[in-house]
Each structure stands twice: as structure tokens, then as C-alpha cells.
Amino acid sequence: MMRLVRLRIGEARHLRGLELTLRSPGLTIIHGPNEAGKSTIVACLRLLLATPSTSRHREVQALAGPSGGVEVGAVFALDDTTVELTKRWLTRPLTQLVIAGAGQLDGREAETRFAELLTTAGLGEGAGDPLVSTLIDNGAGTTHLAASRIVAEALERRSGEEALVDPGLLARARTELARYETPGRSQPTGDLRQARDELDRTEAAYLVATADVNAVAEARRDLETIAEQLATLPDDEARLKAEQDERLRRRAELEGLDVEVERSSRRVADLSDAIARELEALERQRELASALARSRERIEQLDRDLEERREQLTRVQAQLGASHDGLDQARRELGELRETQARAREREALASVAAGAERLSAQVARAVELRNRVAALEIAPPRRLDDALVASLQEAEARLLATRTVFETVGPSLTIRSERSVEVVVNGDLQRLEPAHAMVRPIDERIIVSLGDVTMEISPGSAVSELEELAAERTRLLASLGVASLDEARALLEKAAQYDHELDQLRRELANLAPDGIEPLDDEATRARAAASRLDDAPELAPSDELERRVRALSDHVEALEAAAEEAQVAERRYHEDLEQLVGAREREALQLEQAERDLAAEPAESDRVARIEDLERELETERHRHRELTDAIETRNHLDEELEVLATELGGLSNRRAELTTQRRLLEERLERATGLADRVVNLEERLEGLRRRVAVLEGQRAAARRLVEVLEEEQRRARERTEAPYRQLVERILTATLGERVEVILDEHLGVESLRRPTSSRTALATTPIAALSAGTREQVELACRFAATQLTGAVPIVLDDALGYSDTTRTRMLVAQLTALATDAQAIVLTAHPERYLGASDAERIDLARSTESSSDTARGTSPPPTGAASEASLEDAVRSVLGDAGGPLNRNDIASRLDADPDAVARAIRTLRDAGVIEQIGQRRGARYRLCERDRTDPHAT
Amino acid sequence: MTYHEPVLIIHTSDWQIGMPARTMTEEARHRFRHDRVDAAERLLAEASSRGACCVIVAGDLFDDNTLSEDQIQRTLGVIARQQLPIVALPGNHDALEPHAILARDDLPDQLIVLDSWEPRTVVPGLEVVGAPWRSRIPGRNPAWDTVRALESYGPPPAGTVRVLVAHGQWERYDSVTTHSTLPADEIVAALDTGLIHYVALGDHHSYQIFVGGRVAFSGTHEVTAADERDPGWALAVTLEPSHPPAIERIRVGRWRILTLAETVTSADDVAAIAGRLRTLEDPARCVVRLHLDGTLPLAARLTLEQNLEAAAAALAGFELDVERVASLSDASIPADFHLRGAAATAFERLLDDPDPVSQAALRLLARLALEGNER
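For chain B, an unreviewed UniProt entry supplies the name Metallophosphoesterase and the organism Acidimicrobium ferrooxidans.

In the annotation of an unreviewed UniProt entry, the entry for chain A reads SMC domain protein, and the organism field reads Acidimicrobium ferrooxidans.

Draft legend 1. Up close: the nonpolar core. If you look at the biggest cluster of nonpolar residues, it comprises 58 residues, and the most contacted ones within it are L169(A), L709(A), L713(A), F337(B), L339(B), F347(B) and L365(B). Elements with a contribution of two residues or more to this core: α6 (167-178), α7 (190-253), α14 (606-674) and α15 (678-740) of chain A together with α6 (298-302), α9 (341-352) and α10 (356-374) of chain B. A total of 14 residues in this core trace back to one element, the largest contributor, which is α15(A). Setting aside residues no more than four positions away along its own chain, L365(B) makes contact with L169(A), L709(A), L713(A), L339(B), A343(B), A346(B), F347(B) and L350(B). Core analysis: the next-biggest nonpolar cluster, separate from the first, contains 44 residues, A43(A), L49(A), V70(A) and L90(A) among them.

Draft legend 2. Quick look at the side chain of K87(A). Note on placement: K87(A) falls in strand β5 (residues 81-89). Not counting residues up to four positions away in its chain, the partners in contact with K87(A) are L47(A), L48(A), T51(A), P52(A), S53(A), V70(A), E71(A), V72(A), L94(A), T95(A) and E111(A).

Draft legend 3. Layout of the pairing of strand β24 (residues 932-935) of chain A. All names here are of chain A. Alternating residues of β24 divide into Y933 and L935, all buried, and R932 and R934, none buried. With 2 bridges connecting them, strand β22 (residues 893-894) and β24 associate as antiparallel partners. Note that in β24 the partner of N894 across the bridge is R932. Summarising the sheet, strand β23 (residues 922-925) and β24 pair through 4 bridges and their orientation is antiparallel. The residue bridging Q924 from the neighbouring strand is Y933, located in β24. Where β23 hands over to β24, the hairpin turn is made up of 6 residues, of which G926 adopts a positive phi near 85 degrees.

Draft legend 4. Representation of the pairing of β5(A) in the model. All names here are of chain A. Here strand β4 (residues 70-78) pairs with β5 via 9 bridges, running antiparallel. Each bridged residue has a counterpart across the sheet, and for L78 the counterpart in β5 is T81. The turn linking β4 back onto β5 is made up of 2 residues, and D79 within it adopts a positive phi angle of 50 degrees. Judged from the 6 bridges that link them, β5 and strand β6 (residues 94-99) form a sheet pairing that is antiparallel. Bridged to T86 within β6 is Q96.

Scoring rules and cut-offs
Note on numbering: residues in each chain are counted from 1, in written sequence order. Lettering of chains starts at A and numbering of ligands starts at 1, both following the order in which they are written. Per-residue local features are limited, in this predicted model, to residues with pLDDT of at least 70; the limit for side-chain atom pairs, both in listing and counting, is 80 or more; totals at the level of whole chains, interfaces and linings are taken over all residues. Hydrogen atoms and water are omitted, and side-chain values are computed over all heavy atoms in the structure. We call a set of buried residues a nonpolar core when its members are Ala, Val, Leu, Ile, Met, Phe, Trp, Tyr or Cys and they connect through side-chain atoms within 4.5 Å of each other. Only protein chains enter the accessibility calculation, which uses a 1.4 Å probe. A residue is then buried if its area is under 20% of the maximum for its type, exposed if over 50%, and partly exposed in between. Helix numbers and strand numbers start at the N terminus; a helix is a DSSP run of H or I with at least 4 residues, a strand a run of E with at least 2. Only heavy atoms matter for contacts: two residues are in contact if any of them lie within 4.5 Å across the pair. Here, strands pair whenever DSSP counts at least two bridges between them.

Below, the structure is given as C-alpha cells:
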């Protein structure tokens, strides 16, 4: 653990003799306006810790004070040891280390000892710039933290002794693997690739060689086979030759056969033809005799058929005559019967006419009666009343009755009484008066009474006069109608209606009965009666079913007889035709018979012909036998020819085979001659293959081992990193969550830098990831501070130094961060340098140092012992100002622009620019008058760094 | 010279001139092949000095019929420089197939090739009858035909010993008769009936006798494989018709193929084995196959192969089998290699993994750690 107890700046830029005592643990706020020297203090502190006094680096030169040198001293508490380290650069370099209670060391000894003390205090070997890890100034990036090993090492110490794999070891393992395969692509490389390629080539060569070996072995087998085949060739040739000679001899014996065979063939053919002709003639002769006999039989049969046909014709003609007689009789009977039937029908019609005449006479009588009754009615019609008057009378009667029924008494009061339910509205109130109940009302009330269909508005005072008016109206109506009462009027109305109805009925009946009047009807009846008078002369015959049945039966019988007669006529005609055909056939057959008898008489005797045929057949058999012998001999000769041909082919084949085998043998022998040394080649290749396979196997084994090792180391590295960074990450997340006021997760890169944040989305249901570069400047600054706070809290090794921080943060977050810083300073040492002390008002316990006042007093103090600030000091201030202007501009500016913004002398600005350019702090773009200037890359990202 | 006295022959076989030597270094291979011819020359010189009447090579004088011409000529040159007859039987490796070496026209006069089964008088008093192989894989061993033919020839003349020279296996393995199997019963019958007096066999590379020494495998004159039992000898056989053969073994070979099996339990054991490898006699003609088992402390196990291979550098060939050597784990071991944290965890993971790849990775890790420490 290191604490900065006191810092003394003997000389740096414009500062001289400045001495600051710092709270430890605790928070010290050093404030002052721009150019008060805050950044110079930080730069001096870094210089003291990290730069040997012999250095003349431009950073040292940039801090040179009025006398041209830099002097810084500080008292550190390193665990339990208090040391004071003083260094002077540029003029009379000095390194001095005073260890409390252990004396003083100078020069290199002091440097070495101080480094040892740092290491002992847990700041890690080689952590030459321990403040880097916690120093933060306005706009600093997270890379500072990422690059610092002090945080990583401290985290490793927390999680265990050197949790991560030594990078050198991992690099060596990867280098070892790279000896065998390309990184990432796993392609063989180096010796392994060479060995594999060599193995592939050798295997290919070995395959070729073994194929050659097999070819040689095959060639040897082929040669043996060829030798055996060549050895058997002479024997085969001799055998074939002998067979050829034998067949040639036999062939010679069979010469001259063709003519004999031809002759014999012709003789056989002639004999065969002669026999065939004779047999044909014999057959024809026999057929002739047979036909003659058949012809005679047919003539006899025809004669019998002729006789039979004639008898049949006679029978048919007799039947036909009888049939005609029966038919005539039946037709006569049918005629008579039909006449009787006609007379009966005529009488029946007359009877019907008579009945019609009677019906017409009755209709005439009824019509006359009806006409008389209508005339009687029309003579005395009934009296008729006015319907409207009757209706008015009826209404007046009803109102009178109702009024009387309701009003019982009219005096000082009115009693309303009814046999029915009455609705009474009295002064607007509806009341129901049930039957048998009375309602007594004062006569000055207005009452509306509803009784059935009648609704009356009653003024009891006028009830009597109203009744009288109603009675008078009834009387007037009765008089108008000429009746005594409403009932009489009603009876008169009903009587008139009945009269109208009866008259209408009588008139309709008469119109139906005699639509054209009674006279035409009467004429028709007269005519009917005259027609019916002939009935008396008609015979007493009536049509009957029996008569009908007899007529139908006789008609059917007549039709049957006519059909039979027709059929008999057809049969007669057919018999006539048959008879004529038979006669013709008989004549033709008789002619043929005569011709056959003549032909048969011209043929020789059948026995002679048979004997001749037998002679010819014997001769043919003899000739055929001879012919077969001859053809067999020729077939044998042809077979011999074929065999001779085959033998010649085989002999030729043997000769070819010999040549072929000889050629093959020569080729194989040449091949075998070429095989000399093949075994050596195969052996060499086998041995080489063996060696190469072993080598490839060994290299593959080494490759697998290297790969396994790299995999295992990387995996363990990963796990260790996860274990190591977890507490750091969680702490950063806790600080950020408190500062930002929402849940924050942090994703770190492999160098412990913050890669991105995960924060709730607007819906607050999920976390969204935002890369660090996409955050606002303020949030980036807060992330940076959270990392620094976490690192300080976890390591506790060095003070946290904030130079002009919180420039981008809003008030709320500033307050939160200051609160975090205050809490952190309870155990750690925190030093804040700021131009805005109001930002830290929340840190009530902080030690506050007004740098302007301190500088003044130190300058005053120095004034007695040191010369006043020279132009060099103000030049240095101007350089800072130029840097600041360029940092704020965001782009290059020319000299006049800078001078104008600073309101400074352009020549002085030009000098400051030259100094800064020579020191590599700014760079020039363009030449001469167009020259513009901007901060170098490093200073652009960190414009306030000193 | 008339031999009514005992006949001395030198029986050898399986010179296998030109054979491969797969497990040796390239330089050793060349020497090995060269030495096979040298050994033959020494053998022939020894035969002459002992006054043998002939040398019988019972098959496989050459390893292949397609050797390079210089190897053939070198071997034939050695033979041509001798005075005594050398009777060679074509075996399966140098069978009398077309264009076989033993069928060449330019063979030295001293070289008598047994190319038929007819008895042949090599010197008066000695008849040799051969069973030559005419192809590498015949239908059956040619000795079947030779023994059958012997019955038609009848016994040799009085005072003459007859030697049957054959190539193949005397004992049947698993009762299976192959093209290599000799007609053992028939040969014994021929011996018993006096048709033959001695059977000189080849093909089996180790010395072995049967039937009371009347049937013998001489074995190869120079070792060819690790599984051969006591190779590197030739047989001086004294023959008389009425006496059983008298066999004397003559040392010819110089090469050794040693198979060693050792158990190690400490670095001292490893050092002792390394010391033995360093002090082996004539290491340039020695091939060693070393099989180790046991358990070693990890540090010793990690350097085992390195140490032993260094000790065997002078050998003609060295094969090391350490698959069965386990390492003894120790909790303090990672610290011994100055490994901490994740590297130590990785070390222990590999240590606990018996997979050979992991074990090799462990050795690599140890080596890299040591290299890092040295820096």
C-alpha cells in the first residue's frame, strides 16, 4: 500500500517551493483556476514515481522551471515505512531517498531501493507507474485502466496466487503448436507437413512398385503357362495333320456320285408321277361308279316325292272347298244377328225421348208457378224506413237510458248509481264506482262518467235539463219515422229485408229454369212428346248382353274361318311349286345318269388298273432305296469337307497361336529383364515408408499434445479470468447502479476494459446492450470513474487522483459520484484537483487546498530565496494555454486564430507553438502561411494530460 | 579323392540376401545388407578351412528374384571366389520361376542349383537330392514329389550318403497343411528305409533338429527378425551311411535384435537401463526393442524417452514402448515446475487424464515450464 503524505515541488514550470500536505486516508481537494498548476502537480507526481532523474525526455523538459530544471520531492507511506523521495532533473540531476530510521540513499541505489519498497508494498514488480491505474483526468479513456497490470495483478492476488496463466508459457505452448499446424486453420505445417508430403509421395511410389511386383509375378505365371502351351503345340499339329490325311482319302472315294444321284432322283420322280396318275384315274373311275348308283337312288327318291306331293295337293284342295262353304254359312248368320241388334237399339232410343218429354213438361209447369208468385209479391211491397233516422233513434234511446241509469237523484246533491261498473272522473281524479254502490256528489262539481261506450261530462246542475233534451230528441225521431217505438221501427226494417230476399230467390229460380222464357221450353216439350209417340209402333225388342256376346262370338268364328281359308290357299300354291321343282330335278338327274353310264363304259377294267399300280410301286421302292444310299454317301462327303475345313482352320490357328505365344513370351521376358532391381526398390520404399510413418506418427503425437496443452491452458485461463474479474465487475456495477439510478450490468473485455453496458430498456422488461463508444460523454466519464473507484477499493494499493474530472456529469450524478468518492476515501486516499470546487461541496470531510493561495504563498516564500518568475515561466503558461485552445477547438487552427482566442501576442504564441511542435505535443498541417496546428494523437484523446 | 570316410558338409539356409531392415536407421540398413553377404563369405571361408566337401544352402539364398544387379553380382562374386561346391536349393523367396536368379546362365561353376528331384553326386560318396520350389506359392511343398520319386531311385550306392535338401515347415500348425508344409512322415520313412541319410532344411530361421538329429534346420546365418531363437549359426554335419549325423554349430552372424522387457520404479532404474544401452557390445550391429512398465516419479517419467533415446543413439535401431509406464502424481509437483494458478490447474488436469495425448501434453507443459524457468 502506498500513501502520499506530502508533496513538495521545488521547481516545475511556474511553480516554485510549493508544498502540499495530503490527508491519508481521506479526501484532499486541491482547487484553483485554470493555469494555477493543477496539471503540473500531477505531472510532477508521475515524473517522481516513474522517471529517473537522469532523463531528459521531452516530458521532463516540458516541466522545466525558471532555472531550467525540475525538482520534486514527496513523502510516501509504504505500508509501515515512511520514505521521502526527492528528484531533480535537467540541472544537476539528483535522486535522494530518505528512509525513516534507516538513513539516506542516493542515485541509482535510491531508485532501486525505492522500487523494492514499492514491490514490498504490493504494487507489483514493474509497476513503474502505479498512479496510472487510478489517475483520471478530464476525458481520460478506459484504456488506461485496461493497460494497467496493477489492477489485474491485484485482482489475481485476491482470487489466488497468480490465477492467470503466465503469458509467456501460453505463448510458448502456442508457438509449439504452430510448429505443427497453422494457427486456427489446423493445417499441418513445418516438419509435419513435409513428413506427410514425403509419406504421401513415398506411398504413391510404393504402390507403383508393388504393382510392378505383382505384374512381374503375373508375368512369371504367364510365362509358365505360355511355355506349357508351346510345348503341346507340335503334338496338336501332328494329330490334326493325321486327321486331315484320313479325311482326304475318304473324300477321294466319294467323287462322281452327283450324276448318279441326279439320275436316280429323276427316275424316282417319274415313277412317283406315274403311280399318282394311275391312282388318280382309279379313284376317278371308282367315284364315277359310285355316282351312278347314287344318281339312280336319287331318281327313285324323286319319283316317291312326286307322288307324295300330288296326294298332298289333292288333300289341300278338298280342305279348301269345305272351308269356303262353312265361311259362307257363318257370314249369313252374323248378318241376321246384327240386324236384330240394330232394331233393339232403335227402340231403346225412342224410350229415352219419351222420358225427356215428360221432364220438360214438368219444368214448364214449375216455371209458370214461379212467375205467378213473383207477380203476387210485386203487387204488395212492404213499408220502408230511413236507416239513418232509425240509427239516431237508437243512439238517443241508449243515451237516455244510460243517463237515467246513472243519475239517481238531482237536488242539492247528485247520487250516481249504476248496475254496472262506472268510471267517474271528479275534478280530474279517476274513481271507479262498483255496481250497487252509490256516490253522492255536490251538484257544483263537474263529473265525467264513463259507462260502457258512453262517456258524458256532467254538470249535476244541468242534469235534469239534459234528460229532458234527450227525451225530446227521442220523441222527435219516433215522429219522423212514423212509429211508436224503437222496436216497431226495427220490425219494419226486418220485414222489408225478408221481402227483398224472397223476391230475389224466386226470380233466380225462374231464370235458372227458363232462361229464355217459358215459351221456348214449352215448344221443346211439345216436340219431344211428338217424337216419343213413335214408340208405340216399335217392336218389343230390347238390346241385351247375350245378343252382344253372340254377335262377337260369330264375328270371331267368321274371322277364323277366313284365316284358315287363306292359309289353305297358300299351302296349295306351295305344293304346286314343290311339285314343279321335283319334276325339273327328276329330269336333270335322268340326264346326268345317262352321261355317267356312257363315261363308265369308256374306262378299262378296275382290276387291270390296280395290277399296273402295284407294279409301278415296287419299281419305285427299289429306286428309292438306291437313291438313299447315294444321298448318304454324298452327305458323308460333305461332312468330310466340313471337317477338313475345320482342320485347316485349326492348323492355321495353331500356327497363329504359336506366333502369338512366341511374341507374348518375348514381351514377358523383356518385362522380367526390366524387373531387375525391383526388389531393392520395394525394400527401400518399405524401409522408407516405415521410417516416415514413424516420423509422422511421432509428429502427429506431438501436434496432438501441443494442441491439447493449448486447449487446456486456454480453458483454464478463461475460467481463471472469470473468477478473477467477477468481484471487480460486480463492484463497478454496484457503483454505476448507484450513480445512474438504474440497474446496470457491465461487460468487460479481456484487458478489464469496459466493453459495453447492459441497462433496462424503455419497457424495463429486458436489458439492452450499449457499446461504450455509443454512450454519452458524461456516462463514459461516470463509467471511467466507477472503474477507478472499484480498482482503488479492491486494490487499496495507491491513492486515487482525479484531475479535473466530472466535467461532463450532470448535477445529480456528480453528487452521487462525490458521495461514492467520499465513502471510498474512508479507507483509501483520494486526491482531487479541480477548477470547480463547488462540485465537491458534498464532500464535507474533505481537506481543501486553494492552490492559488498556496502558489502565492509559496511564490512569496520563494521570492526571498529564488529569482522572480522569468519569461520562461510565462511562456510555459502560454504553451499550456495553446494546448488547451487546440484541445477545445476540435480541429486545426492557424497561428492568428490561436493568438486571437488567447488574446495574446502573436509572436509569443508563435514561440509557444514552436516549442510545443518541437516537443512533439502538437503537429503542423500545411506550410508557411497556410500552416495550421493540432494536438498530436495522444494529446487529442487526452488533451489535458500533462 | 575317394570318400569312403565320413563326409563333412556345411548346412546353411535363408541367407535372404537383399532383405529389408525396416526398424533400423538408414545407415544401419545399408550396413545390415552388406553384412549379410560378408557373413556368407565368412561361412564359406570357414567351410574351406574345415575341409568340408560342400556347402548346402537349403533355400532362400536370395530374398527376391528381382534384386539389383550389384547385389546379385556381389553375392555371386563371393561364391565364385570359393573352391568348394556350393549346392543351392531354390526356396520360396528365390523360386525357380522364369528369370529367377538361380536360373541365370552366368552363375559361377561352383554353384550347383538343385533344379530337379533327381539325385546328384556332388562329390564321390555324397549324393544330394533336392526339392526345388518353382514358384512362390506352389500347390504343395515340392518335397512331396521328391520323396515319392526317391522310391523309384532306390537307396544310394553302398558307401554313399544321400542328403535330402528341402525348404518348408516341418511341423504343422493347428493341424493345417499349407503349401509350405513338408511331408514329415514320408521323410522319416525314407530315412528309416535308408533312401536318405540326412535332411538339410531351410525356411525356419532358428536352429532346430528333429528325428535324432537326422533332420535339421540350420537357421539363418545372420539374424533377420526379433522373434528368431538363437540365429546366426551354420551347421557342420559329419555324415556316414551307418551312423547318425554328427552336428556341430559354427558361429557366423554378428548382428543382434534384442527384445528387452524391464520394470522401472525410479529414476535410478531408468539410469541403469540407459547405462546398459550405452555399454552394449557392437551397438552399430544391434537393434533393441525395449518394453518398459512400472511407475515413475513424474519428473523421471517426463524425461524417460529423452534419456533412453539419447542412450540408444549408437544402436543400429531402437524401439521404445513406454505405454505401460505410469507416472506417480505428487501434489507439490506443479510447484516444482514453478506453475501456479490456472497453469497449475491445467497441469493437474492433464496429470489426472490417462489419455496418452494428455500425458504427452503434460510432458510438453513440463518442458515449456522448465524452459521458462531457465530463462
